[in-house]
Amino acid sequence: MTTLDARPNTIDVDLEALDSNVREIRRRIRPGVAIIASVKANAYGHGIVPISRRLSAAGVEVLATGSFADAVAVRKAGITTPVLMMGGALPAAMPDFSRYDLIPTVHNQELADAVAANAERRTQVYIKVDCGFRRLGVPVDEAKRFILELARAPNREISGLYTHLPFADATGRDWALRGIAQFDELVAQVAEAGLTIPVTQARASAALLTGIDDNCTAVSPGALLYGLSPVRSELADRSALRPVLSRISTRLIQTSDGGASGARGVVPFGRVDGHRAPVEGRSAHMLIDGAKAPILSVSLEHTVLDLSTIPKVAVGDPVIVLGRSCNRAIAIEDIALWQGVGVNDVLMSLNNRLPQASSD
């Protein structure tokens, strides 16, 4: 018996789709602009090591994550691409960052001091600037002074400067444009003061997808790498992108005629696997041989399906949770809509829970 015999759930990751998305991102940026590939949260749930290895092979210049465990996994896998630790650590983490050759993000004075205190040699740092998102970062109106003071300090080399300006709609796009203009001006002011920072980055997936440009030397896509759109469909066309999460499948472990309530089937795919019941007022389904099998209930370890319109089913028959079956398909956006959550919520629910099969 194998693990898949006991619990026949798998998630298929299409690495060729990842390659295709990297090529599409390259097409959208100027030659010489670097890609800081976001692999945060276990590469958006797709698997930190296989995704990082493939991105490195595709030539991305930097990998970026906020997870120390993920960063260590990348290094232990023998991947030597520079790894940027996005903000979120305490100053005490700096020695561990150095041990694994990770580039720290400095977004306050405490982190700047910790880098200097723990560096045995001159150490690369990126500085994060807050241009309006109001989460992490040196406030943009204080950033020039902070950057120039840090540049004069020993044992710290400012190799990157970045900000984060995510958005989903037209109003957010206008807000992001103002933030990017502020960031461009900051970079220009720092250069006029005699400091050239090699890597500057303000654009991420939303800006790239909607055609926003800037004067920076790098971009940092996240969702786009995985074939996902962070913006509303009316704002941008994502048809050139391919989903990297290509399929989630399971198998029927029980069928019954159901008596008066109709035929039913059970699959071992429940909340422990990252599944959720649809929100009230919305119906959801899985696919069996191209036919819709409505979801009747979701428990901790199982989902019950309505098989009353699907003839000739048997224990062991494959069931598609996400992906294509004959002439029908379920997209991750469909699941997010049924569950009343965002696409990232679906990905994070599945994160680390299902055996993965990577395919080219």
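Computed from a predicted model, the values in this text were never measured in an experiment.

S.K.: Looking at this structure, I do not really get the environment of Val298. What am I missing?
M.R.: Inspection of the secondary structure puts Val298 in strand S15 (residues 291-298). For Val298, a relative accessible area of 11% puts it in the buried group. Taking the C-alpha atoms as reference points, Val298 and Ser233, separated by 65 residues in sequence, lie 30 Å from one another. When sequence neighbours within four positions are dropped, the list of residues in contact with Val298 reads Gly270, Arg271, His275, Arg276, Ala277 and Thr303.

S.K.: Would you mind showing me how to read the packing of helix H11 (residues 332-339) against helix H12 (residues 343-350) here?
M.R.: Each pair of packed helices can be summarised by the angle the axes make with each other and by the distance between the axes. Running from N to C, H11 and H12 cross one another at 95°; their axes reach a closest spacing of 8 Å. Here H12 runs roughly perpendicular to H11, going by the angle between their axes. Facing H11, whose interface residues are Ile332, Glu333, Ile335, Ala336 and Gln339, H12 presents Val343, Val346 and Leu347. Class assignment for the residues of the contact of H11 with H12 results in six nonpolar, one polar and one charged.

S.K.: Whenever I open this one, the pattern of salt bridges confuses me. Can you help?
M.R.: A side chain of one charge can pair with a side chain of the opposite charge when the charged atoms of the two come close. Applying the stated criterion across every chain, the model contains 15 salt bridges. The salt bridge involving Arg242 is made with Glu16; its shortest N-O contact spans 2.9 Å. Here Glu16 lies in helix H2 (residues 15-28) and Arg242 lies in the loop between strand S10 (218-220) and strand S11 (245-251), a separation of 226 residues in the sequence. Exposure remark for Arg242: the relative accessible area of 32% places this residue in the partly exposed category. Residue classification places Glu16 among the partly exposed positions, given a relative accessible area of 25%. A salt bridge links Glu149 to Arg145, with the shortest nitrogen-to-oxygen separation between them at 3.4 Å. On the criterion of helical spacing, the pair formed by Glu149 and Arg145 is a turn pair, its members being four residues apart in helix H8 (residues 140-152).

S.K.: What exactly am I supposed to notice about the packing of aromatic side chains here?
M.R.: When we look at a pair of aromatic rings, we describe it by the centre distance and by the angle of the planes. Counted according to the given criterion, the structure contains five aromatic pairs. On the numbers, 6.3 Å between centres and 65° between planes, the contact of Tyr126 with Tyr162 is edge-to-face. In this pair, Tyr126 is assigned in strand S6 (residues 123-130) and Tyr162 in strand S8 (residues 156-163), connecting sequence segments 36 residues apart. The exposure class of Tyr162 is buried, given its relative accessible area of 5%. Here the aromatic rings of Phe133 and Trp175 are separated by 6.4 Å at their centres, their planes lie at 55°, and the arrangement is tilted. In this pair, Phe133 is assigned in the loop between S6 and strand S7 (138-139) and Trp175 in helix H9 (residues 170-192), connecting sequence segments 42 residues apart. Classification of Phe133 as partly exposed rests on a relative accessible area of 32%. Grouping aromatic residues by their ring pairs yields a cluster made of Phe68, Phe97 and Tyr100.

Each value, and the rule that gives it
- Every chain is numbered independently, its residues counted from 1 as its sequence is written.
- Whole-chain, interface and lining totals are the exception, using all residues; otherwise, since this is a predicted model, local features are given only for residues with pLDDT of at least 70 and side-chain atom pairs are given and counted only at 80 or more.
- For side-chain calculations, the full set of non-hydrogen atoms in the structure is used, while hydrogens and water are omitted.
- Working definition: helices are DSSP H or I runs of at least four residues, strands are E runs of at least two. Numbering for both runs from the N terminus.
- Throughout this description, buried means an accessible area under 20% of the type-specific maximum (1.4 Å probe, protein chains only), exposed means over 50%, and partly exposed covers the range between.
- The contact rule is simple, with two residues in contact once any of their heavy atoms fall within 4.5 Å.
- Angles shown run from 0 to 180 degrees and are taken between the N-to-C directions of axes, each axis being a line fitted to C-alpha atoms and, for helices, limited to the stretch in contact.
- Any angle between 65 and 115 degrees counts as roughly perpendicular, while under 35 counts as roughly parallel, over 145 as roughly antiparallel, and the rest as oblique.
- Amino acids outside the nonpolar list (Ala, Val, Leu, Ile, Met, Phe, Trp, Tyr, Cys, Pro) and the charged list (Asp, Glu, Lys, Arg) are all regarded as polar, and Gly is one of them.
- When a carboxyl oxygen of Asp or Glu is within 4 Å of a side-chain nitrogen of Lys or Arg, the pair counts as a salt bridge.
- Pairing of aromatic side chains here covers Phe, Tyr and the six-membered ring of Trp, requires ring centres within 6.5 Å, and sorts the geometry by plane angle: under 30 degrees stacked, over 60 edge-to-face, intermediate tilted.

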